[in-house]
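Chains, contacts and geometry: an overview
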Amino acid sequence: QVQLVESGGGLVQAGGSLRFSCAASGRTLSGYAMGWFRQGPGKGREFVCGINSGASTYMADSVKGRFTISRDNAKNTVYLQMNSLKPGDTAVYYCAARYGSIWTSPGQYDYWGQGTQVTVSS
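This text gives an overview of the structure that appears in the document. (Residues numbered from 1 in each chain as written. Predicted model: local features only at pLDDT ≥ 70, side-chain atom pairs only at ≥ 80, totals over all residues. Heavy atoms only, no water.)

A few words on the overall build of the protein chain. Within the protein chain one finds 0 helices and 11 strands. Sequence-ordered secondary structure for the protein chain, helices as α and strands as β, is β-β-β-β-β-β-β-β-β-β-β. Taking 2.2 N^0.38 as the reference for a compact globule, 122 residues should give roughly 14 Å; the C-alpha atoms of the protein chain span a radius of gyration of 13 Å, in line with that estimate. Taking the contacts inside the protein chain whose residues are at least 6 apart along the sequence as the reference set, 59% of them involve residues at least 24 apart. (Helix = DSSP H or I, 4+ residues; strand = E, 2+ residues; numbered from the N terminus. Rg over C-alpha atoms; globule rule 2.2 N^0.38 Å. Contact = heavy atoms within 4.5 Å.)

Listed below in structure tokens is the structure:
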């Protein structure tokens, strides 16, 4: 079992920045792909970005150039740096883990964090 605990998030004005951390326990993240997803009001859960165990990343078009995902395997932690935030980025953000490669479908992930609210005001 992998337990994921997120920290970060909050309220920020448009154009601002936030940073998330997702700390894993119960098992090393070696071999696991990590994803960040978000769910806005009245919307389904959508893929934001992912990073595999080799630190290769894949970003959704909507966040390319603004968001960065990284991982520190020694700390068993994944990070999401969000810059140039827009009101459309308002959502609950989740980190997720699956063994193997990055998938954009949330159904392919086995472990989930509790979710953290991000609100971007205009």
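Let us now look at the pattern of salt bridges. Taken as a whole, this structure holds 4 salt bridges when the rule is applied. For the salt bridge of Arg38 with Glu46, the shortest nitrogen-to-oxygen distance reads 2.6 Å. In this structure Glu46 comes out as partly exposed when scored by relative accessible area, which is 36%. The salt bridge involving Lys64 is made with Asp61; its shortest N-O contact spans 3.1 Å. In this structure, a network of salt bridges that share partners links the residues Arg38, Glu46, Arg66 and Asp89. (Salt bridge = Lys/Arg side-chain N within 4 Å of Asp/Glu carboxyl O. Buried < 20%, exposed > 50% of the residue type's maximum accessible area, 1.4 Å probe, protein only.)

Here we take up the packing of aromatic side chains. Scanning the entire structure with this criterion turns up 10 aromatic pairs. Geometrically, the ring pair formed by Phe37 and Trp112 is tilted, given 5.1 Å between the ring centres and 55 degrees between the ring planes. You can see Phe37 sitting in strand 4 (residues 32–39) and its partner Trp112 sitting in strand 10 (residues 111–112), a full 75 residues away along the chain. Exposure remark for Trp112: the relative accessible area of 26% places this residue in the partly exposed category. Each residue in the set Phe37, Phe47, Tyr58, Tyr94, Tyr109 and Trp112 is aromatic and connected to the rest through ring pairs, giving one cluster. Sitting over the ring of Tyr94, Arg45 keeps its end group 3.7 Å from the ring centre. Directly above the aromatic system of Trp112 lies the positively charged group of Arg45, at a separation of 4.8 Å from the ring centroid. (Phe/Tyr/Trp six-rings, centres within 6.5 Å; stacked < 30°, edge-to-face > 60°. Lys NZ or Arg CZ within 6 Å of the ring centre and 35° of its normal.)

Within a sheet, neighbouring strands are paired by backbone hydrogen bonds and run either parallel or antiparallel to one another. The sheet built from 4 strands is open, its strands ordered 1-3-8-7 with antiparallel pairing. At either end of the open sheet lies a strand with only one pairing partner, and these are strand 1 (3–7) and strand 7 (67–72). Across the sheet, the axes of successive neighbouring strands diverge by a mean angle of 15 degrees, strand direction being ignored. Note: strand 7 against strand 8 (residues 77–82), 6 bridges, orientation antiparallel. Opposite Ser70, over in strand 8, you have Tyr79 as the bridge partner. (Pairing = 2+ DSSP bridges. Axes fitted to C-alpha atoms, helices over the stretch in contact; angles between N-to-C directions.)

Below, the discussion takes up the environment of Met59. Relative to the helices and strands, Met59 is located in strand 6 (residues 57–59). Apart from residues no more than four positions distant in its own chain, Met59 is found in contact with Val48, Cys49, Lys64, Phe67, Thr68 and Ile69.

Moving on, we come to unusual backbone geometry. At Ala55, a position not held by glycine, the phi torsion is positive, near 75 degrees. The residue Ala55 is located in the loop between strand 5 (45–51) and strand 6 in this model. Positive phi is not limited to glycine here, since Asn76 has a value of about 55 degrees. Take Asn76: its relative accessible area is 13%, and that puts it in the buried class.

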